[in-house]
Amino acid sequence: MKVAITAASGQLGSQVVEALLALIPSTNIVGLARTTAKAKHLGIEIRPGDYNEKGLLEESLRSVDAVLLVSGMDAPERRITQHRNVIEAARSAGVRKIVYTSVQGAEHDTAFSPIVQSNRQTEEDVRYSGLAWSIGRNGIYIEPDVEYLESYKKAGGITNCAADGRCGYTTRSELAYAYARMLTEDKHNGRTYNLHGAAITQYELADYLNSTFGTDLTYTPMTVEEYRADRVAELGEFMGTVITGIYQGIRDGEADNPSHYLEAAGREHVSWPAFFAGLRQEKATS
Ligand SMILES: NC(=O)c1ccc[n+]([C@@H]2O[C@H](COP(=O)([O-])OP(=O)(O)OC[C@H]3O[C@@H](n4cnc5c(N)ncnc54)[C@H](OP(=O)(O)O)[C@@H]3O)[C@@H](O)[C@H]2O)c1
């Protein structure tokens, strides 16, 4: 069985490749990448895979049995078309199964909702593709909060508009493990899974960061309007507004959903105490 991973040059795509290498021979894995040079180090066959190039996608998907479609980064409308290019190319190339990395979040009334809606449209396109399918709705990555530590320290803490909302965070490596299973096991066909670990508040996130890195961060909630002004000043109108929408959704409980990680991965999601203990150990040995 040959499995292809799109966006193999990206952080999630490359980690799915790594997770697959533990399950099937490297000769059965193909990486598709827009920038092929960025995926050469993965030690598998790499083929061209720009979501805008349907013909090229079809050629690259020949001889492939199952493909992982990693959600793109373009504006919502363009994304839908790009994802359709991958789905149609897969069908034309004779691919048997498609797995899609979708997202959790508020479907209405936030600035993130158009992106969530575009993912829901691709979910529908995948379900009606005529191929066997499986969909994961990813939780929010926790790694960016760790990478942002120095900025949090400079600011004296974490501020956003999530308030007391709980967020079902995840990590790319946990997602990668689940997707490797979903691609290689037929029991996931026709299933849509929420993929995340235990839901935590921003107060708990600050506590985990403090106990891991010896910081003294506090969490201070802001209104949606205050946070939007703050993010737009740093990240610009588009990204600042989208990020605000994500935290507004967390505040409104839209990121606090039942998790199906165990069913998808066949094992529990890493617990946050274990994840942060791992980071503490890395820090101690670096
Ligand atoms: N759950 C979350 O918290 C969260 C957060 C951020 C993003 N996301 C979503 O998750 C996806 C994967 O995340 P990540 O961490 O792997 O992001 P990443 O490291 O930034 O990688 C993005 C990947 O998308 C590829 N890509 C962009 N436009 C493309 C196109 N037109 N055709 C083919 N490939 C294209 C990039 O290729 P190049 O190497 O050529 O640039 C890269 O491989 C993102 O694309 C986004 O949809 C989720």
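Whatever comes next refers back to the structure up there.
A. Local environment of helix α4 (residues 113-127). Between its first and last C-alpha, α4 extends 21 Å over 15 residues, near the 21 Å set by a 1.5 Å rise per residue. Listed in full, the buried residues belonging to α4 are S113, I115, V116, S118, N119, R120, T122, E123, D125 and V126.

B. The arrangement of the sheet that holds strand β11 (residues 199-200) in detail. The strand order across the open sheet formed by three strands is β7-β9-β11, and the pairing between neighbours is mixed. The sheet is open, and its two edges are formed by β7 (140-141) and β11, each paired on a single side. Sheet topology note: the strand β9 (residues 167-170)/β11 ladder contains two bridges and is antiparallel. Looking across to β11, one finds that G168 is bridged to A199.

C. Here's a closer look at the side chain of S113. Relative to the helices and strands, S113 resides in helix α4. Sequence-distant contacts of S113, that is, excluding residues within four places in its chain, are made with A106, E107 and H108.

D. Region of the structure containing the site of the ligand. Looking at the ligand, there are 22 residues lining it, with S9, L12, T35, S71 and R172 nearest. A distance of 2.9 Å separates an oxygen atom of the ligand from a polar atom in the side chain of K38. Taking 910 Å² as the accessible area of the ligand by itself, protein coverage stands at 82%. Looking at the shell around the ligand, the elements that each hand over two or more residues are α1 (11-21), α3 (76-93) and β7.

E. Spotlight on a nonpolar patch on the surface. Together, L235, F238 and M239 line one region of the surface with nonpolar side chains, adding up to about 280 Å² of accessible area. As for its placement among the helices and strands, M239 is situated in helix α10 (residues 237-251). For M239, a relative accessible area of 39% puts it in the partly exposed group.

F. Representation of the nonpolar core within the structure. Core analysis: the largest hydrophobic core is formed by 52 residues, its most contacted members being V16, L20, L61, L183 and L195. Among the elements that take part in this core, helix α7 (residues 172-184) stands out by supplying seven residues, more than any other. Of all hydrophobic cores here, the second largest spans 30 residues; its members include C167, L209, Y219 and V224.

What counts as what
- Residues numbered from 1 in each chain as written.
- Predicted model: local features only at pLDDT ≥ 70, side-chain atom pairs only at ≥ 80, totals over all residues.
- Heavy atoms only, no water.
- Helix = DSSP H or I, 4+ residues; strand = E, 2+ residues; numbered from the N terminus.
- Expected span 1.5 Å × (residues − 1).
- Buried < 20%, exposed > 50% of the residue type's maximum accessible area, 1.4 Å probe, protein only.
- Pairing = 2+ DSSP bridges.
- Contact = heavy atoms within 4.5 Å.
- Near = heavy atom within 4 Å.
- Polar contact = N/O pair within 3.5 Å; in protein donor to acceptor, adjacent residues only side chain to side chain.
- Areas by Shrake-Rupley, 256 points an atom, 1.4 Å probe, with all protein chains shown as cover.
- Patch = residues over 30% accessible without salt bridge, like charges linked within 9 Å, V, L, I, M, F, W, Y side chains within 5 Å.
- Salt bridge = Lys/Arg side-chain N within 4 Å of Asp/Glu carboxyl O.
- Core = buried A, V, L, I, M, F, W, Y, C linked by side-chain atoms within 4.5 Å.

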